[in-house]
Amino acid sequence: MPAIAPSSPIPLFDDQVLTDPYPSYRSLRELGPAVRLEEYGVWAVPHHAQLAAILRNPDLYGSEDGIALTDLANEQLLAGTVLASDGAQHVKLRRVLSKQLAPRAMKGLADRVTARAERLVRAHVESGRFDAVALSQHMVCDTVMELMGLPQADRELLLDGAAATFNVFGPDNSRYQQALPLASRMVELLHETLTREAVDRDSWMGAIFEAVDAGQIEESDAIPLASAYTAAGIDTTVLGLADCLVQLSRHPEQWQTLRGDPERWATPAFHEALRLEAPIQAFGRLTTGPTDITGVHLEKGEQLWLLYGSAGRDEAQWGPEADTFDIRRPGNDQHLAFGGGPHLCAGIPLAELQVRAVLHALATHCTTLTPDGDPTRVLNHLLRGYSSAPLTAELAPAAPESGA
Ligand code: HEM
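All values reported here derive from a predicted model rather than from experimental measurement. (Residues numbered from 1 in each chain as written. Predicted model: local features only at pLDDT ≥ 70, side-chain atom pairs only at ≥ 80, totals over all residues. Heavy atoms only, no water.)

With respect to a negative patch on the surface
- Taken together, the side chains of Glu64, Asp65, Asp71 and Glu75 present a region of like negative charge at the surface.
- Structurally, glutamate 75 is set in helix H4 (residues 71–77). (Patch = residues over 30% accessible without salt bridge, like charges linked within 9 Å, V, L, I, M, F, W, Y side chains within 5 Å. Areas by Shrake-Rupley, 256 points an atom, 1.4 Å probe, with all protein chains shown as cover. Salt bridge = Lys/Arg side-chain N within 4 Å of Asp/Glu carboxyl O. Lys, Arg positive; Asp, Glu negative; His and termini not counted. Charge placed at Lys NZ, Arg CZ, Asp CG, Glu CD. Helix = DSSP H or I, 4+ residues; strand = E, 2+ residues; numbered from the N terminus.)

Structure follows, in structure tokens:
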């Protein structure tokens with residue numbers, strides 16, 4: 001039990017650390033179960049075990065006023081969202097989303113998502129070269145915007161707006177200041193575009209307005225609730241899917257394993273990529289009373305920074321090969337890249353559905369996947385992944401037309 005609380009000068013949000021945070025995460029894990037980040041005055045939680053326990057205890061570790069690192073983000077930009085609410089308010093908001101995102105709702109979507117993946121994969125790989133990020137963006141944006149009831153929305157704007165929103169979760173530095181106007185503009189844009197007149201009645205947004213009309217939520221809850229789809233549901237899946245493709249292209253033997261039985265291996269491949277490179281590297285929490293994190297005493301009102309990205313590399317959980325991509329790793333779906341407890345990602349079934357569909361289509365059409373130069377990394381306070389990842393593919397011979 002450490003007598004003095006561990007602390008570290010690591011500049012977690014500087015470009016150099018964001019480019020490769022894993023050596024810093026390792027040193028934080030070596031320092032203790034909760035480590036004070038001197039530069040930001042918050043407590044990093046770098047281990048899988050403590051992080052999982054904190055997520056299961058929302059009464060002591062709240063999201064309201066604690067999910068982001070600045071008051072402005074917590075009190076203005078994120079206030080009223082499902083991510084930033086606790087207790088009864090969280091249950092009320094989450095209930096509306098859960099209906100639309102539940103596995104049962106996904107059954108009705110599967111054919112459409114599979115058909116979209118097949119169409120997009122054929123178009124993207126046709127020349128034998130493609131960008132894993134462009135394919136993923138196309139797939140995920142089109143799916144989510146159609147489901148929201150805004151099929152014509154501007155894809156670039158949404159992606160840039162969501163990335164800015166994630167930067168605003170971080171500390172007040174130049175990246176934060178640069179992101180602030182666009183993140184605020186995104187909120188305004190949602191208010192302008194997501195109106196009762198503009199959205200399809202049988203869309204997610206239509207269902208949110210229905211919940212307002214039925215008195216289940218307030219009118220003022222509608223747009224913050226919808227922002228969960230545009231912020232949490234798009235970039236995350238784009239980055240996770242693209243990273244999975246990059247990893248598979250670097251491990252040709254694992255690509256062949258997946259091709260041999262995509263039904264069996266598509267989901268484990270996705271989870272392994274999420275474990276290794278969590279698309280959301282961290283979220284915050286605020287202690288609502290005095291607490292003890294495996295010997296580190298914290299007072300009420302302390303800010304925690306839950307390092308999902310570090311938990312996925314924790315040797316205490318994953319063994320000495322924690323840094324290796326292995327789709328056969330037993331139990332890799334136990335990673336915390338989707339969070340946990342009551343705030344566990346509501347979109348897991350949709351993310352899995354889309355990724356499975358793309359991996360199936362690629363496994364059918366590409367006998368090999370190979371990196372085609374270095375991918376370009378996204379630098380963001382929360383997000384991890386690539387903005388571009390060129391790959392080459394050898395194409396499978398076209399199947400003969402039936403009846404030929
Ligand atoms: C690879 C894809 C995804 C990743 C890595 C991811 C990650 C996460 C994480 C880490 C959280 C937990 C937040 C916390 O700790 O407070 C979360 C929550 C959430 N996610 Fe996802 N997400 C993904 C896809 C999606 C999709 C496709 C949707 C919906 C379209 C979605 C909607 C949500 C919502 C609504 C929440 C808030 C849940 C709550 O606070 O109760 N996510 N996600």
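This is not the end of the story, as more comes after the structure.
A few points about helix H9 (residues 155–167)
- A rise of 1.5 Å per residue sets the reference length of H9, with its 13 residues, at 18 Å; its end C-alpha atoms lie 19 Å apart and thus fit the reference within 8%.
- Restricting attention to buried positions, one finds in H9 the residues Leu158, Leu159, Gly161, Ala162, Ala164, Thr165, Phe166 and Asn167.
- In the core, the buried residues of H9 are packed alongside helix H8 (132–148), helix H10 (174–193), helix H12 (222–232), helix H13 (235–250) and strand S6 (282–287). (Expected span 1.5 Å × (residues − 1). Buried < 20%, exposed > 50% of the residue type's maximum accessible area, 1.4 Å probe, protein only. Contact = heavy atoms within 4.5 Å.)

Quick word on helix H14 (residues 252–260)
- Within H14, burial applies to Gln254, Trp255, Thr257 and Leu258. Taken down its axis, H14 places every buried residue within 155 degrees of arc, on the same side.
- Each element contacted by the buried residues of H14 is listed here: H13, helix H15 (262–276), helix H18 (348–365) and strand S10 (366–371). (Arc of directions from axis to C-beta.)

Side note on the site of the ligand
- With respect to spatial proximity, 30 residues lie near the ligand, and among them His90, Arg94, Tyr308, His343 and Cys345 are the closest.
- One nitrogen or oxygen atom from the side chain of tyrosine 308 is found 2.4 Å from an oxygen atom belonging to the ligand.
- Of all the secondary structure elements, the ones that give two or more residues to the shell around the ligand are helix H5 (87–101), H12, H13, H15, S6 and H18.
- Of the residues in the shell around the ligand, the class split is 21 nonpolar, seven polar and two charged. (Near = heavy atom within 4 Å. Polar contact = N/O pair within 3.5 Å; in protein donor to acceptor, adjacent residues only side chain to side chain. Nonpolar A, V, L, I, M, F, W, Y, C, P; charged D, E, K, R; others polar.)

Regarding the coordination of the iron atom of the ligand
- Its sole protein donor being Cys345 (SG), the iron atom of the ligand sits 2.3 Å from that atom.
- With respect to the helices and strands, cysteine 345 occurs in the loop between helix H17 (315–318) and H18. (Donors = N, O, S within 2.8 Å, 3.2 Å for Na, K, Ca; no water.)

Looking at the pairing of strand S13 (residues 390–395)
- For strand S5 (residues 129–131) and S13, the ladder comprises three bridges, and the chain directions are antiparallel. Opposite phenylalanine 130, over in S13, you have leucine 391 as the bridge partner.
- In the sheet, S10 pairs with S13 via five bridges, with the strands oriented antiparallel. Looking at S13, one finds that proline 371 is bridged to leucine 391. (Pairing = 2+ DSSP bridges.)

A few points about the sheet that holds S13
- If you trace the three strands from one edge of the open sheet to the other, you get S5-S13-S10, paired in antiparallel fashion. Looking along the sheet, the strands with just one partner apiece sit at the ends: S5 and S10. When the angles between neighbouring strand axes are averaged without regard to direction, this sheet yields 30 degrees.
- Of the strands in this sheet, S5, S10 and S13 are in contact with helix H7 (residues 110–125), which crosses S5 at around 120 degrees.
- Of the strands in this sheet, S5, S10 and S13 are in contact with H18, which crosses S10 at around 105 degrees. (Axes fitted to C-alpha atoms, helices over the stretch in contact; angles between N-to-C directions.)

Notes on the packing of aromatic side chains
- Taken as a whole and judged by the stated rule, the model has eight aromatic pairs.
- Between the aromatic rings of phenylalanine 13 and tryptophan 305, the centroid separation amounts to 5.9 Å while the plane-to-plane angle is 65 degrees, which identifies the pairing as edge-to-face. Pair noted here: phenylalanine 13 is in the loop between strand S1 (7–8) and helix H1 (15–19) and tryptophan 305 is in strand S9 (residues 303–307), with a separation of 292 residues, a long-range link. Here phenylalanine 13 matches tryptophan 305 in class, with each residue buried.
- Ring centres 5.6 Å apart and planes at 80 degrees place the aromatic pair tyrosine 22 and tyrosine 25 in the edge-to-face group. Taken together, the positions of tyrosine 22 and tyrosine 25, both in helix H2 (residues 22–31) and three residues apart, correspond to about one turn of that helix.
- By relative accessible area, tyrosine 22 is classed as buried at 11%.
- The positively charged end of arginine 264 is found above the aromatic ring belonging to tryptophan 265, 4.0 Å away from the centroid. (Phe/Tyr/Trp six-rings, centres within 6.5 Å; stacked < 30°, edge-to-face > 60°. Lys NZ or Arg CZ within 6 Å of the ring centre and 35° of its normal.)

Things to note about the nonpolar core
- Formed by 133 residues in total, the largest nonpolar core has its most connected members in Leu12 and Leu362.
- Sorting elements by how many residues they give to this core places H18 first, with eleven residues.
- Other than its neighbours up to four places away in sequence, leucine 362 contacts Val121, Val125, Phe130, Leu135, Leu245 and Trp255. (Core = buried A, V, L, I, M, F, W, Y, C linked by side-chain atoms within 4.5 Å.)

Observations concerning the pattern of salt bridges
- In this structure the tally under the stated criterion is 21 salt bridges.
- A salt bridge links aspartate 323 to arginine 26, with the shortest nitrogen-to-oxygen separation between them at 3.4 Å. Of this pair, aspartate 323 sits in the loop between H17 and H18 while arginine 26 sits in helix H2, and the two are 297 residues apart along the sequence.
- Residue arginine 26 is classed as partly exposed on the basis of its relative accessible area of 34%.
- Across the pair glutamate 219 and arginine 196 runs a salt bridge, and its minimum N-O distance is 3.0 Å. Within this pair, whereas glutamate 219 is found in the loop between helix H11 (204–213) and H12, its partner arginine 196 is found in the loop between H10 and H11, the two being separated by 23 residues in sequence.
- You can call arginine 196 partly exposed: its relative accessible area is 35%.
- Through salt bridges with shared partners, a single network forms among Arg26, Arg29, Glu277, Arg313, Glu315, Asp323, Arg377 and Arg384.

Things to note about the sheet that holds strand S2 (residues 35–37)
- An order of S1-S2-S3-S9-S6-S4 is seen for the six strands of this open sheet, with the pairing classed as mixed. Of all the strands in the sheet, the pair left with one neighbour each is S1 and strand S4 (61–62).
- Bridge count for S6 against S9 is five bridges, and the pairing is antiparallel. What sits directly across from arginine 285, in S9, is leucine 304.

These figures capture arrangement, not role.
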